Amino acid sequence: MAAPGKVAPPLWPGAVLPDLAGQLAIVTGANSGVGFQAARALAAAGADVVLACRSASKAEAALADIAPVARGRVWTELLDLADLASVRDFAGRVKAAHSRLDLLLNNAGVMAPKHRLTTALGYELQFGVNFLGHFLLTALLLEPLMNAPSARVVQVASLAHRQGRLDFADPHAERAYVPWRAYRQSKLAMLVFALELARRARAGGWGVLSVAAHPGIAATEIVRNGPGLSSLTALAMQIGKAFVVQSAEAGAWPLVLAATDPAASQGAYYGPTGFMECNGPPGLARIMPHARDEETGRQLWALAERLTGERLIPGG
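The structure presented is a predicted model; accordingly, all values stated were derived computationally and were not measured. (Residues numbered from 1 in each chain as written. Predicted model: local features only at pLDDT ≥ 70, side-chain atom pairs only at ≥ 80, totals over all residues. Heavy atoms only, no water.)

The next thing to look at is the sheet that holds strand E3 (residues 74–78). In space, the eight strands of this open sheet follow the order E3-E2-E1-E4-E5-E6-E7-E8, with mixed pairing throughout. Whereas interior strands pair on both sides, the edge strands pair on one side only; in this sheet they are E3 and strand E8 (282–284). Averaged over all pairs of adjacent strands, the angle between strand axes in this sheet comes to 20 degrees, irrespective of strand direction. As paired elements, strand E5 (residues 151–156) and strand E6 (residues 208–213) share six bridges and run parallel to each other. Considered in E6, the bridge of glutamine 155 is made with alanine 212. Helix-sheet contacts for helix H2 (residues 56–66) involve strand E2 (48–53) and E3, and the interaxial angle to E3 is about 170 degrees. The sheet strands contacting helix H3 (residues 84–97) are strand E1 (24–28), E2 and E3, and the helix crosses E3 at an angle near 145 degrees. (Pairing = 2+ DSSP bridges. Helix = DSSP H or I, 4+ residues; strand = E, 2+ residues; numbered from the N terminus. Axes fitted to C-alpha atoms, helices over the stretch in contact; angles between N-to-C directions. Contact = heavy atoms within 4.5 Å.)

As structure tokens, this is what we get:
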């Protein structure tokens, strides 16, 4: 139950979340946008939720908003996905405090900065944060995930995966940086990762469910922090508000469904079911054929292990 005077997060028509009491969830990028809304919904359903964020002040502000509706514990932890040392520190703290992890929601992301930016190790920022940081986090938390009776990992992809291509010869856009090309690559990588993780988990009997979700077109701070408010993207969002753009709350619905759907299967992909998957109630989404290619999945996995220096394998 929500605290007096506080209203639990609105969900899609007919939505009934399972009771998540006693389950531990980690949501990256939980201080704003769809990550915040998903964390709020999971906390209201009873989960203990870790708000894994880069900014301590923004994380504390999010915590203050979520705590009144939470039925379980909610707390913040610092995590900078652009710094693999920070990812290792965060995972170490989680494993020291918890032997079991029920849900890892890999949501945090960077979208189309105007100029090429890099991570602490010099990797292109979008590929580094959106994909590589989450790959390493998943690898480091695989043991507590496998200790849970029905754990799942949710990768947040995007409609942009449809036009995305993985450039294995130049994954960090060192030869030529095109903001949206790099973004599409990073989000395609998240979906390919989810599908390859599903294949390996199924084949290895890991007991971990791997799924993905996308928020459609949601009004969040990611445009302000990426292309900027004076960009064509911002203008398109303004024009689209009356037609296809939905709220951050609605954008979080596919993430929440992916995290809780009792009928979820390995490799399932969730998104809005309205016009061109831009908005509307959540359901199963379309995966482009190039995202399903198994050889691409193997190549991406090998690249991620090399760049992060971590194998994603039980006991690895």
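And the narrative resumes.
Contact geometry for H3 and helix H4 (residues 125–140): axes closest at 10 Å, N-to-C directions at 30 degrees. Compared by their axis directions, H3 and H4 come out roughly parallel. Relative to H4, the crossing made by H3 is right-handed. Mapping the contact onto sequence places Leu84, Val87, Arg88, Phe90, Ala91 and Lys95 in H3 and Gly133, Leu136, Leu137 and Leu140 in H4. Here the contact of H3 with H4 is composed, by residue class, of seven nonpolar, one polar and two charged. (Parallel < 35°, antiparallel > 145°, perpendicular 65-115°, else oblique. Left-handed = near helix turned anticlockwise from the far one by under 90°. Nonpolar A, V, L, I, M, F, W, Y, C, P; charged D, E, K, R; others polar.)

Within E1, five of the five residues are buried, leaving the element largely enclosed by the surrounding structure. In this sheet, E2 lies alongside E1 in parallel orientation, the contact comprising five bridges. Counterpart to alanine 25 in the pairing with E2 is valine 49. Relative to strand E4 (residues 103–106), E1 runs parallel, the two sharing three bridges. Bridge pairing in E4 links valine 27 to leucine 105. (Buried < 20%, exposed > 50% of the residue type's maximum accessible area, 1.4 Å probe, protein only.)

Bringing the pattern of salt bridges into the picture now. With the rule as written, the count across this model stands at nine salt bridges. A salt bridge links aspartate 102 to arginine 100; the nearest nitrogen and oxygen atoms lie 3.2 Å apart. Since its relative accessible area comes to 4%, aspartate 102 is described here as buried. With its nearest N and O atoms 2.8 Å apart, the salt bridge here joins arginine 199 to glutamate 196. (Salt bridge = Lys/Arg side-chain N within 4 Å of Asp/Glu carboxyl O.)

Another point: H4. Spacing of three or four residues puts side chains on the same side of an α-helix, whose turn is 3.6 residues. Approximately 30 degrees is the largest bend angle found in H4, and it occurs at leucine 132. In terms of burial, H4 is a largely internal element, 16 of the 16 residues being buried. For H4, the N-terminal cap is glutamate 124; the gap from its side-chain oxygen to the backbone nitrogen of glutamine 126 is 3.1 Å. (Bend = angle between axes of the 7 residues up to and from the residue. Polar contact = N/O pair within 3.5 Å; in protein donor to acceptor, adjacent residues only side chain to side chain.)

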